[in-house]
Amino acid sequence: MNADLVVVGSGFFGLTVARRCAEDLGLKVLVIDRRDHIGGNAYSEAEPETGIEVHRYGAHLFHTSNERVWQHVNRFTKFTPYVHRVFSTYSGGVYSMPVNLHTINQYFGKALGPDAARALVAEQAGEIDTAAADNFEDKAISLIGRPLYEAFFKGYTAKQWQTDPRNLPGATVTRLPVRYSYDNRYFNDTYEGLPVDGYTAWLERLADHENIEVRLGTDFFDASQEVSKGNVTGNVPVVYTGPVDTYFGDAEGQLSWRTLDFEQEVLPVGDFQGAPVMNYADEDVPYTRIHEFRHFHPERDYPKDKTVIMREFSRFAVAGDEPYYPVNTPEDRQKLLAYRDLASREQGVLFGGRLGTYKYLDMHMAIGAALSMVDNKLVPHFKDGAALVAGGVDA
């Protein structure tokens, strides 16, 4: 093995680190991934029958207000002018999300202006004191009122977490977006779009450097592999982006995650739902949303008589599942603190990315964190000889 740095995981975090180190520091970087493709959960591929680009692990939408991240990613892909908009089906009607002035007027059958709508929601939210709300349901009602909560959040949340919202902690609710205008853009970031040639092409360009080698189907914890934890750690610096509990053999217990299941189907129609994403707020509908991928790239020449949809189901992850969202219970937080302590003592290994830090990171956040890791940890180490110490599970 001829490498100055080993990166475990070929998602956006790992490949961004690899590219910066290969290009700016001249390092020989070996990237490994246990999957048979690069890109982690951002991987996309053409559906064979239709040629429609499908995001294998659920829809990925790129958006950022970070100027440095935006400049960085534009080196490897151009972006379409796509603006993400989401709709929700509830009790036989279709509403715009996030809740905005149109949603409020449609739901209540009114024609309110911004001030009147704000006053209506405030009156309904006054039912429960926010400071006294100790569960998800009460906290949500104290922020947006019972009618909007029960229509658009109660059933969806119950399906998303497989738990009665009254049994979820109030701290889970950081905010519930309500806009008192007709702005129905899902994101508020300065920049937004989808990669013109797709995510996989973008990721392949990111990895395309003479100093980067990518090995797929390589499990870091398989002792029979040349590039395994036992053979590498202590000998070559490592940036690890897999699950932090797995790295330490679940020594402090397994961290809990939500995972997603998908049902993909080719339908003999040119357009199934008229939008990229449709949420399903009714609790008796088993899936949380349906993606229709043709709408992500209306500029492409896709078939007029076929479309691809993907139903999304949420559940708790078990052994063998792909982890998506950290559950972050109080017990999980205690375990994570213990893993941070272990990580701080692991010489020559840095932990990053969504799995390595047990944080939910959007793509732009993962890229930004990777750029910071290079600046703050890897450059000082390789240029100035500073010790490569994780300092805990951080990004």
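What you see is a predicted model; the values in this text were computed from it and never measured.

## Description of the packing of helix 1 (residues 12-24) against helix 13 (residues 363-384)
Part 1 of the reasoning: Contact geometry for helix 1 and helix 13: axes closest at 8 Å, N-to-C directions at 40°. Here helix 1 is positioned oblique relative to helix 13, judged by the angle of their axes. Of the two possible hands of crossing, helix 1 and helix 13 adopt the one that is right-handed. Contacts between helix 1 and helix 13 involve Phe12, Phe13, Thr16, Val17, Arg20 and Cys21 from the former and Met363, Ala366, Ile367, Ala369, Ala370, Leu371, Met373, Val374, Asp375 and Leu378 from the latter.
Part 2 of the reasoning: Each residue belonging to the contact of helix 1 with helix 13 can be placed in one class, and the counts come to 13 nonpolar, one polar and two charged.

## Considerations on the packing of helix 1 against helix 8 (residues 199-207)
Part 1 of the reasoning: Interaxial distance between helix 1 and helix 8 falls to 9 Å at its minimum, and their mutual angle equals 30°. Relative to helix 8, the element helix 1 is oriented roughly parallel. Of helix 8, the residues touching helix 1 (which contributes Phe12, Leu15, Thr16 and Arg19) are Tyr199, Trp202, Leu203, Arg205, Leu206 and Ala207.
Part 2 of the reasoning: Residue composition of the contact of helix 1 with helix 8, grouped by class: seven nonpolar, one polar and two charged.

## Observations concerning the packing of aromatic side chains
Part 1 of the reasoning: In this structure the tally under the stated criterion is 32 aromatic pairs.
Part 2 of the reasoning: With centroids separated by 5.5 Å and ring planes inclined at 80°, the aromatic side chains of Phe62 and Trp202 adopt a geometry described as edge-to-face. Of this pair, Phe62 sits in strand 5 (residues 62-64) while Trp202 sits in helix 8, placing them 140 residues apart in sequence.
Part 3 of the reasoning: The class for Trp202 is buried, based on a relative accessible area of 1%.

## Let's talk about helix 4 (residues 114-125)
Part 1 of the reasoning: With twelve residues, helix 4 should cover 16 Å at 1.5 Å per step; its first-to-last C-alpha distance of 16 Å lies within 8% of that length.
Part 2 of the reasoning: Turning to helix 4, its buried residues are Ala117, Leu120, Val121, Gln124 and Ala125. The arc enclosing the buried residues of helix 4, seen along the axis, measures out at 130°, which places them on a common side. Away from its buried face, by an angle of more than 90 degrees, helix 4 presents the exposed residues Asp115 and Glu123.
Part 3 of the reasoning: Contacts from the buried residues of helix 4 go to helix 3 (101-108), helix 5 (136-144) and helix 6 (146-152).

## So, the pairing of strand 12 (residues 277-280)
When a strand is regular, its side chains alternate between the sheet's two faces.
Part 1 of the reasoning: What you see with strand 12 is no split at all: Val277 and Asn279 on one side and Met278 and Tyr280 on the other are buried throughout.
Part 2 of the reasoning: Direction of pairing for strand 6 (residues 86-90) relative to strand 12: parallel, over a ladder of four bridges. When the sheet's bridge partners are listed, Thr89 is paired in strand 12 with Tyr280.
Part 3 of the reasoning: Pairing analysis gives three bridges linking strand 12 to strand 13 (residues 289-292), with the strands arranged antiparallel.

Analysis parameters
Residues numbered from 1 in each chain as written. Predicted model: local features only at pLDDT ≥ 70, side-chain atom pairs only at ≥ 80, totals over all residues. Heavy atoms only, no water. Axes fitted to C-alpha atoms, helices over the stretch in contact; angles between N-to-C directions. Helix = DSSP H or I, 4+ residues; strand = E, 2+ residues; numbered from the N terminus. Parallel < 35°, antiparallel > 145°, perpendicular 65-115°, else oblique. Left-handed = near helix turned anticlockwise from the far one by under 90°. Contact = heavy atoms within 4.5 Å. Nonpolar A, V, L, I, M, F, W, Y, C, P; charged D, E, K, R; others polar. Phe/Tyr/Trp six-rings, centres within 6.5 Å; stacked < 30°, edge-to-face > 60°. Buried < 20%, exposed > 50% of the residue type's maximum accessible area, 1.4 Å probe, protein only. Expected span 1.5 Å × (residues − 1). Arc of directions from axis to C-beta. Pairing = 2+ DSSP bridges.

Any link to function would need more than the numbers given here.
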